[in-house]
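Overview (structure and organization)
Here's the letter readout for the chains.
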Amino acid sequence: MNLHTLNPWAILVAAFSAFLLGGLWYSPIVFHSAWKKANHFGDNEPPAAGAKVFSIAFVLSLVMAFNLAMFLNDPKTNLAWGATAGFLAGFGWVAMGIGVVSLFERRPFTYVLVNGGYLTVALVLMGAILGAWR
């Protein structure tokens, strides 16, 4: 495990890309209504997230990007493999994990689609950035 071969700028940009994607994904023009319905918020939607929530969310995205970068830490890694690995991690682990938990929480399938979909696309994007920017 060689940390010196990691590109810290790529990790930072990958984390930021997931953060920006989340802002778009959960916005009123994309999946905000489906997200509200899947969480049974109705008129009782929680207040808008503040600086603390956004800061913690970015740190968690940074951890995700670093973790994926460690998996992709090989000279043969390229954009295609990075995106593929991101998809495999996002869909195969994260979305399926959300699916298992949502079954026991009795959440609707749209909950898995919205949240698992976001994390899958975010990890594909992160993997593409990490794979291309070696």
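The structure under discussion appears in the preceding block.
Residues numbered from 1 in each chain as written. Predicted model: local features only at pLDDT ≥ 70, side-chain atom pairs only at ≥ 80, totals over all residues. Heavy atoms only, no water.

1. Some thoughts on unusual backbone geometry
Note the following rule: Strands are runs of DSSP state E lasting at least 2 residues, helices are runs of H or I lasting at least 4, and numbering of each runs from the N terminus. A simple rule labels every residue: compare its accessible area, found with a 1.4 Å probe on the protein chains alone, to the largest value its type can have, and call it buried under 20%, exposed over 50%, or partly exposed in between.
If you check the backbone angles, His40 has positive phi at about 60° while not being a glycine. With respect to the helices and strands, the residue His40 is situated in the loop between helix H2 (32-38) and helix H3 (51-71). Take His40: its relative accessible area is 60%, and that puts it in the exposed class. You will see that Arg106, though not glycine, has its phi angle at about 60°, which is positive. With respect to the helices and strands, the residue Arg106 is situated in the loop between helix H4 (79-104) and helix H5 (109-132).

2. Focus: a nonpolar patch on the surface
Threshold: Patches in this entry comprise residues that are over 30% relatively accessible and not in a salt bridge; like charges within 9 Å are linked, as are nonpolar side chains (Val, Leu, Ile, Met, Phe, Trp, Tyr) within 5 Å. Computed with a 1.4 Å probe, the accessible areas rest on the Shrake-Rupley method; for each residue, only the protein chains presented here act as cover. Within this document, salt bridges are pairs made up of a side-chain nitrogen of Lys or Arg and a carboxyl oxygen of Asp or Glu, the two lying within 4 Å of each other.
A surface patch of nonpolar side chains, amounting to about 490 Å² of accessible area, comprises Trp81, Phe87, Leu88, Phe91 and Met96. By the secondary structure assignment, Phe87 is in helix H4.

3. Details of the packing of helix H1 (residues 8-25) against H5
Packed helices, taken two at a time, are described by the angle between their axes plus the distance between the axes. What counts, and what does not: Between the N-to-C directions of two axes lies an angle of 0 to 180 degrees, each axis being a line fitted to C-alpha atoms and, for a helix, fitted only over the stretch in contact. To sort the angles, those under 35 degrees are grouped as roughly parallel, those over 145 as roughly antiparallel, those from 65 to 115 as roughly perpendicular, and the leftovers as oblique. Should the near helix be turned counterclockwise from the far one by less than a right angle, the crossing is left-handed, whereas a clockwise turn marks it as right-handed. Only heavy atoms enter the contact rule, under which two residues are in contact if any of them lie within 4.5 Å.
Look at H1 against H5: their axes get within 9 Å of each other, and the N-to-C directions meet at 150°. In terms of orientation, H1 lies roughly antiparallel with respect to H5. Crossing of H1 against H5: the hand is right-handed. Side by side, H1 and H5 meet where Ala10, Ile11, Val13, Ala14, Ala15, Ser17, Ala18, Phe19, Leu21, Gly22 and Trp25 of the first sit next to Val114, Gly117, Tyr118, Val121, Ala122, Leu125, Met126, Ile129 and Leu130 of the second.

4. Things to note about the side chain of Asn7
Defined as follows: Polar contact criterion, stated in full: a pair of N or O atoms within 3.5 Å, where within protein one must be able to donate a hydrogen and the other to accept it, and residues adjacent in sequence count only if both atoms are side-chain atoms.
Among the structural elements, Asn7 can be located in the segment before H1. Of the residues examined, Asn7 reaches a relative accessible area of 17% and is grouped as buried. Among the polar contacts listed, one links the side chain of Asn7 to the backbone oxygen of Trp133, at a separation of 3.2 Å. Apart from the residues within four sequence positions on either side, Asn7 is in contact with Trp133 and Arg134.

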